[in-house]
Amino acid sequence: SLASPTSWSVPVAFTAQEAAVDATDVASIVAFGPGRIGVAWTNQRSGVFFASHDDTTPDDQWSTVESILPGPQPDKLLNLTTYPLADGTTEVAAAVSTTNDQSAAGRALDALTLVATRDASGDWRTAVSGLVRDRHTRPIILVDATNRTIAVAATSPGGGGVIYYKRASLDQIEFDTGIGTPLIASTAQ
């Protein structure tokens, strides 16, 4: 945006090789920083990626592309959030879903949903939040900075069902195995 929310610049192409995506790929944008935005996107051929832009740089100047999840396995489900660090900056966390449940070789104990967190140097760490057997879909990530916890909520089974959640410490992100704790359930049949 320029002078107002209704005034926009002309589009600027993001030309990184990883940004050559299919019509079925998705993206998510988040403000973090201070003074930065980040974009995460799926690329069905090569993984899930992230790049950031500093508000003080030219529109076409972006960071080096960072790999959140390498390999041709991302699903078209992606959610981002931010959380504050002790130094007053904010960082990014993502909930991503794989296609491990759709492969012929998919096994019940393969990872299906993951939580990824980014450190200040742009490196991403992932933790498994759900397995193929849990049948999670549409993961959403939430951070409680006051209590230093991170949570992921997801529907199971995929076609509609109960929304479950899992929580872990931001200092040691490891989720318990199992489907999680029911958050929302319907009695309607």
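Let me sum up the structure you'll find in this document. Here the structure is a predicted model, which means the values were calculated and not measured. Sequence positions are assigned chain by chain, starting from 1 and proceeding in written order. Under the rules for a predicted model, residues below a pLDDT of 70 receive no local features and side-chain atom pairs below 80 are neither given nor counted, while totals for whole chains, interfaces and linings still include all residues. Water and hydrogen atoms play no part in the side-chain values, which are based on all heavy atoms of the structure.

## Here we look at the packing of aromatic side chains
- In this analysis, rings of Phe, Tyr and Trp, with Trp reduced to its six-membered ring, are considered paired at centre separations within 6.5 Å, and the interplanar angle assigns stacked below 30 degrees, edge-to-face beyond 60, and tilted for intermediate values. According to the stated counting rule, one finds five aromatic pairs in the structure shown.
- An angle of 75° between the planes, with centres 5.5 Å apart, marks the rings of F14 and W41 as edge-to-face. With F14 in the segment before β1 (27-32) and W41 in strand β2 (residues 36-43), the pair connects residues that are 27 residues apart, well separated along the chain.
- For F14, a relative accessible area of 30% gives the class partly exposed.
- Centroid distance F14 to W62: 5.4 Å. Interplanar angle 65°. Geometry classified as edge-to-face. With F14 in the segment before β1 and W62 in the loop between β3 (47-54) and β4 (66-70), the pair connects residues that are 48 residues apart, well separated along the chain.
- Take W62: its relative accessible area is 28%, and that puts it in the partly exposed class. Each helix is a run of H or I in the DSSP string that is no shorter than four residues. Each strand is a run of E no shorter than two, and both are numbered from the N terminus. Each residue gets one of three labels from its accessible area relative to the maximum for its type: buried under 20%, exposed over 50%, partly exposed in between, using a 1.4 Å probe on protein chains only.

## Here's the deal with the sheet that holds β3
- When DSSP finds two or more bridges between a pair of strands, those strands are recorded as paired. Pairing in this open sheet of four strands is antiparallel, and the strands run β1-β2-β3-β4 from one edge to the other. What marks the edges here is a single partner per strand, and that holds for β1 and β4. Strand-to-strand twist across the sheet, computed as the mean angle between neighbouring axes with direction ignored, equals 20°.
- In terms of strand pairing, β2 meets β3 through eight bridges, oriented antiparallel. The axes are straight lines fitted to the C-alpha atoms, using for helices just the contacting stretch, and the angles between their N-to-C directions are given from 0 to 180°.

## Here we look at the nonpolar core
- Throughout this description, the term nonpolar core refers to a set of buried Ala, Val, Leu, Ile, Met, Phe, Trp, Tyr and Cys residues connected via side-chain atoms within 4.5 Å. Ranked by size, the top nonpolar core spans 15 residues in total, and within it F50, I68, V92, V96 and W124 carry the most contacts.
- Residue assignment for this core shows that the elements contributing at least two residues are β1, β3, β4, β5 (74-84), β6 (90-98) and β7 (111-118).
- At three residues, β6 tops the list of elements feeding residues into this core.
- For F50, the contacting residues outside a window of four places in its chain are F32, G38, V39, A40, W41, T64, V65, E66, I68, V92, R118 and W124.
- If you look at the next biggest cluster of nonpolar residues, it comprises twelve residues, including Y83, V115, I141 and A168. Whether two residues are in contact is decided by their heavy atoms, any of which lying within 4.5 Å being enough.

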